[in-house]
Amino acid sequence: MAKNPKAAENRRRRRPIRKPPAAEAKASSADIEDLAPGPGAVPAVRAQLLRWYDAHRRDLPWRRASGGEEERAYAVWVSEVMLQQTRVPVVVGYYDRWMARWPTVRSLAAATQEEVNEMWAGLGYYRRARFLLEGAKQIVEKGGFPRTASALREVRGIGDYTAGAIASIAFNEVAPVVDGNVVRVLSRLYTIADNPKETSTVKRFWELAGQLVDPLRPGDFNQAMMELGATLCSKTKPGCSECPVSSYCQAFALSHENPSVQVTDYPRVVPKAKPRSEFAAVCVVQISQGLEQEVTDAKCKDDLFLLIKRPEEGLLAGLWEFPLVLVDEGKTDLLNRKKEIDKYLKQLLNIDVGRKSNVILREYVGEHVHIFSHIRLTMYVELMILKLKDDVDLLCTKGQDSTKLKLVSEASVESMGLTSGIRKVYNMVKAFKERRLSVSEKGQAPTRKRSRRLKQ
């Protein structure tokens, strides 16, 4: 699942966004040619933007990729997928580790989904990792990377933007790219005030980008456009005085002519849909392998933790988590949560809490709020330590599908790739046990701590 600049960075107070009527009509009805800032502007914009890029581009690992065109294409593909919804500083470390593990598309194609998920853990939007693996297998089956944007779009998970980036940067095809950074540059360059999410406006952006892309250096030009949007032409504090194409920027010119207009009025800000609220009972099930005193003191390192594999489709597809059950908003009290978890464990593993196991410890740990792009998930976390009456080795063979269950050691939980939300849950439980150990040594009653953390 990245990462917004703060409005407080502006030195001066922002005025309410006002759309200039003349500019809005112009952006809505004019032909592409009529939108250009002036005669001969396109060649000049290309030249000045490329000159700026050559002098100021950031030194990023995917830009240093060596080897042939296919190696370059693979590097561009991996980096562009990682950069979707994720900031560059975060991506650099993941990219380096990924390329060290799978340096070619063929090595990636031989990986398993679980290996890929573990490498991806923490980046969010896990569907991207699945598409990378599926796409790699498809490319290898076809004998190599497609070399054109239209052919690249046939690969699973590669859309218009990624296809254009790979085709232009790796294979020098004169193909445009349009991402959020490019939209911001084009909106200001041509004062496009229409809703940037509407289909007709998106089409206009692609047409303009296609008109602008340099025919001799398409890959560098596309990267220059993205670089400009990511650095100087930022959302809230554009560096117009340093911009290489500010003399051709209609928004910049209009802001000088009309004090009520700002460059940051473009593109139009479209309010995001409010994420829906969901609630879940999460039970960290610890299977005791030691003495009861060791377990309650959190000293036993031989205990096992139960993990459940999520369905192969949908949110966080194919990833491992602790037992989790969604509950209705009106049934988030402790009694109902325990009831739902007990029912889930009995269905899943035929564990009848209290009858086929001895409950050594069962306590509420705390609450964690995790924000996805479209869901605000409140997780109520409890720890349950069980001493099974049956052989623990038989546990994962009793469930409905043993491939979706596994018992792992504490060391494995510490090192394996978990989603940021599930990692937080585990850390909450770990801290809870450490506090319990600390207060028990002092002869005090343990206390609970609530945790609330927002994460994209």
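Notes on the structure in this doc start here. These figures come from a predicted structure and were not determined experimentally.

1. A few points about the packing of aromatic side chains
Then step 1. Scanning the model with the defined rule gives 6 aromatic pairs in all.
Then step 2. Ring plane angle 80° and centroid distance 5.8 Å describe the contact between tryptophan 98 and tryptophan 120, whose orientation is recorded as edge-to-face. Of this pair, tryptophan 98 sits in helix H5 (residues 88-101) while tryptophan 120 sits in helix H7 (residues 113-120), and the two are 22 residues apart along the sequence.
Then step 3. Among the residues examined, tryptophan 120 registers a relative accessible area of 0% and is labelled buried.
Then step 4. Here the aromatic rings of phenylalanine 322 and tyrosine 426 are separated by 6.4 Å at their centres, their planes lie at 20°, and the arrangement is stacked. Here the residue phenylalanine 322 occupies a position in the loop between strand S3 (320-321) and strand S4 (324-327), and tyrosine 426 occupies one in helix H18 (residues 420-441), the gap between them amounting to 104 residues.
Then step 5. With a relative accessible area of 0%, phenylalanine 322 lands in the buried category.
Then step 6. Cluster of aromatic residues (ring-pair linked, three or more members): Trp98, Trp102 and Trp120.

2. Structural notes on the pairing of strand S6 (residues 375-388)
Then step 1. Most of S6 is tucked away, with 12 of its 14 residues classed as buried.
Then step 2. With 12 bridges connecting them, strand S1 (residues 276-287) and S6 associate as parallel partners. Opposite serine 277, over in S6, you have arginine 376 as the bridge partner.

3. Details of the packing of H5 against H7
Then step 1. Running from amino to carboxyl end, H5 crosses H7 at an angle of 150°, the nearest separation of the two axes being 10 Å. Comparing their axes, H7 and H5 come out roughly antiparallel. Between H5 and H7, the residues in contact are Tyr94, Arg97, Trp98 and Arg101 and Glu115, Val116, Met119 and Trp120, respectively.

4. Concerning the pattern of salt bridges
Close approach of charged atoms allows side chains of opposite charge to pair.
Then step 1. Evaluated as defined, the whole model comprises 21 salt bridges.
Then step 2. For arginine 101, the salt bridge is made with glutamate 115, and the minimal N-O distance between the two is 3.7 Å. Linking arginine 101 in helix H5 with glutamate 115 in helix H7, this pair joins segments that are 14 residues apart in sequence.
Then step 3. By relative accessible area, which is 41% here, arginine 101 ends up partly exposed.

Reading guide: rules and limits
- Residues numbered from 1 in each chain as written.
- Predicted model: local features only at pLDDT ≥ 70, side-chain atom pairs only at ≥ 80, totals over all residues.
- Heavy atoms only, no water.
- Phe/Tyr/Trp six-rings, centres within 6.5 Å; stacked < 30°, edge-to-face > 60°.
- Helix = DSSP H or I, 4+ residues; strand = E, 2+ residues; numbered from the N terminus.
- Buried < 20%, exposed > 50% of the residue type's maximum accessible area, 1.4 Å probe, protein only.
- Pairing = 2+ DSSP bridges.
- Axes fitted to C-alpha atoms, helices over the stretch in contact; angles between N-to-C directions.
- Parallel < 35°, antiparallel > 145°, perpendicular 65-115°, else oblique.
- Contact = heavy atoms within 4.5 Å.
- Salt bridge = Lys/Arg side-chain N within 4 Å of Asp/Glu carboxyl O.

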